[in-house]
Amino acid sequence: MKHETIQLTFDPLTAKEIERASSLVKEKLSDSAVFCSVALVEPAKSLESSVDRSSGRGSRQLRLNGYEYESSRTDGGFEATVDLCVEEVRLKRIEDGQAPIGFADVVRAIQITKADEGWQEAMRKRGVTEFELIQIDPWPAGGYQHPSIPLGHRAHRAISFVREDAKDNGYARPVHGLIAHVDLTEGKVAHLEDHGVVPLPPESARYSAEHQASLEPSLSPLEIQQSQGPGFRVEENRIEWRNWEFGVSIHPVNGLVLHRLSYRDGDRLRPILHRAALSDMVVPYGDTDPMHVWKHVLDAGEASLGNCVNSLKLGCDCVGEIFYLDHYAIKPDGSARTIERAICVHEEDYGILWKHHDGLSRTTEVRRSRRLVVSSFYTVGNYEYGFYWYLYLDGTIEMEVKLTGIVGVSAVNEGSERPEFAPLVAPNVASPIHQHLFCFRLDFEVDGPTNRVYEVNVEAEPISDENPDGTAFRANPTLLESEVQARRQVNASSSRVWKVVNPNSLNRLGKPVGYKLVPSATAASLATKQSKVAQRAGFAQYNFWATPFDEGRLCAAGDYPNLHPGGDGLARWTEQDRSIVDQDIVVWHTFGSTHLPRPEDWPVMPVEYCGFTLKPDGFFDRNPSINLPPQDHCIDIGADEPSSKANDS
Ligand code: CO
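What you are looking at is a predicted structure, and each value in this text was computed from that prediction instead of being measured.

What counts and how
- Residues numbered from 1 in each chain as written.
- Predicted model: local features only at pLDDT ≥ 70, side-chain atom pairs only at ≥ 80, totals over all residues.
- Heavy atoms only, no water.
- Helix = DSSP H or I, 4+ residues; strand = E, 2+ residues; numbered from the N terminus.
- Rg over C-alpha atoms; globule rule 2.2 N^0.38 Å.
- Buried < 20%, exposed > 50% of the residue type's maximum accessible area, 1.4 Å probe, protein only.
- Contact = heavy atoms within 4.5 Å.
- Areas by Shrake-Rupley, 256 points an atom, 1.4 Å probe, with all protein chains shown as cover.
- Lys, Arg positive; Asp, Glu negative; His and termini not counted.
- Charge placed at Lys NZ, Arg CZ, Asp CG, Glu CD.
- Polar contact = N/O pair within 3.5 Å; in protein donor to acceptor, adjacent residues only side chain to side chain.
- 1 Å grid on protein atoms, 1.4 Å probe; cavity = no way out; pocket = protein on both sides within 12 Å on 5 of 7 lines; lining within 4 Å.
- Points joined across faces, edges and corners; volume = space filled by probe spheres on them.
- Arc of directions from axis to C-beta.
- Phe/Tyr/Trp six-rings, centres within 6.5 Å; stacked < 30°, edge-to-face > 60°.
- Lys NZ or Arg CZ within 6 Å of the ring centre and 35° of its normal.

Once that is clear, we can look at the overall build of the chain. Counting its secondary structure elements, the chain contains seven helices and 30 strands. Relative to the compact-globule value of 26 Å for 649 residues, the chain shows a C-alpha radius of gyration of 27 Å, a close match. Across its three principal directions, the C-alpha atoms of the chain cover 85 × 65 × 60 Å. Residue burial in the chain is summarised as follows: out of 649 residues, 54% are buried. Excluding contacts between residues fewer than 6 apart, the proportion of contacts in the chain whose partners are at least 24 apart in sequence is 68%. Working note: accessible area of the chain is about 28800 Å², and carbon and sulfur atoms make up 50% of it. Each charge class in the chain can be summarised by its mean position, and for the 67 positive and 93 negative side chains these summaries are 3 Å apart.

What follows is the structure, given as structure tokens:
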């Protein structure tokens, strides 16, 4: 499994590499430059097969982004590509959009807002005179940069919340109607938007245990032990579990990434996905209130989701026999930031995998399902996102996104609530309806790179001589031939799925092997096509897209959506309407949650779930888990009673 060159090119970045690269870049920049993100430039697919494994020669490239706060600058910051093998730096100014939001931006936006006399005066009008405890949330200015901020300057919209003490939940008391448009480049509040005073809501919303009136009795202990250790093996960032083999990493925009996911089928290692990860996401708000109407943060492309990855805690975030992988990111000054235990790997029992009771012989065969879980969790402002890849014993692959944290809020006067846009979640606290839309990029290589996609709809058969009772329904496959034709929506009423097949690899029934994408009941973007969010997050207009593979195109809204007016990314690329038949294709799947906030989402929302499943469809010749040995106590020794001694679930 270990080849020198592949290790050299695919391994996650080390702290030493990040610091060496940033010091090389700094030599070419002014002292005011700060960094906001670093990523490994994954080796070009075309080079992967041609790298010289024996000599260990390859390239090791890092991409670093950052910016300067210099008022003369009207570009979007810098993109530096560093080849560590030859210590070479290629520096490019970003012309289309801006480098993503960095830690330096956030700190600066908070300081600028709090120091602004107009903002202070507006806070005093609201009865707030102490500014030390005020929580400022800087939001991306999106495609709505205020006209007082010159194009090319970095910008935020800062909104405020009042805390009673340092550990209070500030979201209980939103300062409604007040938005500071911060020009980060100039270092000033360029415009203060004040829609009038709304009183602060009366209740606090503390969620820690010590602030609850009483606590429920503790749950009885539930311990998960694997006395002989877990069933997976990790070497560097490569993981093997049962028949599955893959690599894992964290990318600053894409977050958790699976690389080269393959299934060992006898003596063949069969590729399925070359790379699978989030490509971007957007959270459009539906409310017409001026506090929210502009909000549609691209948490991945604008805010660098991957930089927000949590350090996980055993027994709290993850339970069982856990293996953790660390992650390294970059600080504004170019030094490395270590996130220990960023990726969690473990096995989970998952109930019954398959079962049958034979009534005549009164025998039962049952196998238990188990899945490998690879996950990571991210905090982006008020919200948390967990991304969970599940691999199953029957060849199923699943992505589950977990959404939790604190919902966005408005303070509302008694009697002026508009529940169609923002239902009440607590007295005088309303929460705008919104969506969380995730676009996953799935670079398929089902038994190799030459693939095609069918959409399959199941439809009623008209009454005919062959179907006199009108009971028949049939599966109708349609070959998706070009990019425009492949822009599709989910359709639960026809049980719509998309099937990726390899026409050159046939199963024992003579049919092309395939995997099908089974979507959930999900909406696409609900905003109008004319809206800023539709232009800036075009990927959210459709649930399904397919494109030919393009080297380096990993992000569905384009590389630099921060402060980008829109029009880049999937919507633009697919205008070419290229053929997607029998070539290396990439599937992009947008799904998510349309969130109508409930009182139960307050003060912290219980996890909401969304995701999709990839199921083998003719990829195997039969149930690939048929030869799984039964667990010791499940071996059927003669007849048993089918109903009274049911196997547990
Ligand atoms: Co939500």
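Relative to the elements of secondary structure, T396 occurs in the loop between β18 (383–392) and β19 (397–405). The class for T396 is buried, based on a relative accessible area of 5%. A distance of 3.4 Å separates the side chain of T396 from the side chain of K615, its partner in a polar contact. Ignoring sequence-local partners within four residues, the contact set of T396 consists of W244, Y390, L391, T613, L614, K615 and P616.

As a further point, take empty space enclosed by the protein. Under the counting rule described, the total for this entry stands at seven cavities of 30 Å³ or more. There is about 100 Å³ of room inside the largest cavity. Taken together, 15 residues make up the lining of the largest cavity; nearest its centre are I159, F161, H292, K295 and V409. Looking at the lining of the largest cavity, the elements with two or more residues in it are β5 (134–140) and β6 (155–162).

In this section: helix α5 (residues 117–125). Buried within α5 we find W119, Q120, A122 and M123. End-on view of α5: buried residues confined to an arc of 160°, all on one side of the axis. Across α5 from its buried face, at more than 90 degrees, point the exposed residues E117 and K125. On its buried side, α5 packs onto α4 (103–115), β5, β6, β7 (178–183) and β8 (188–194). For α5, the N-terminal capping position is held by D116, with its side-chain oxygen 3.2 Å away from the main-chain nitrogen of G118.

The next thing to look at is the packing of aromatic side chains. Applying the stated criterion to the full structure yields 28 aromatic pairs. On the basis of an interplanar angle of 70° and a centroid distance of 5.1 Å, the ring pair of Y515 and F619 is categorised as edge-to-face. Taken together, the residues Y515 in strand β27 (residues 512–519) and F619 in the segment after β30 (605–616) connect sequence positions 104 residues apart. The residues Y515 and F619 share a single accessibility class, namely buried. Residue placement shows R270 over the ring face of F619; its charged tip is 3.7 Å from the ring centre.

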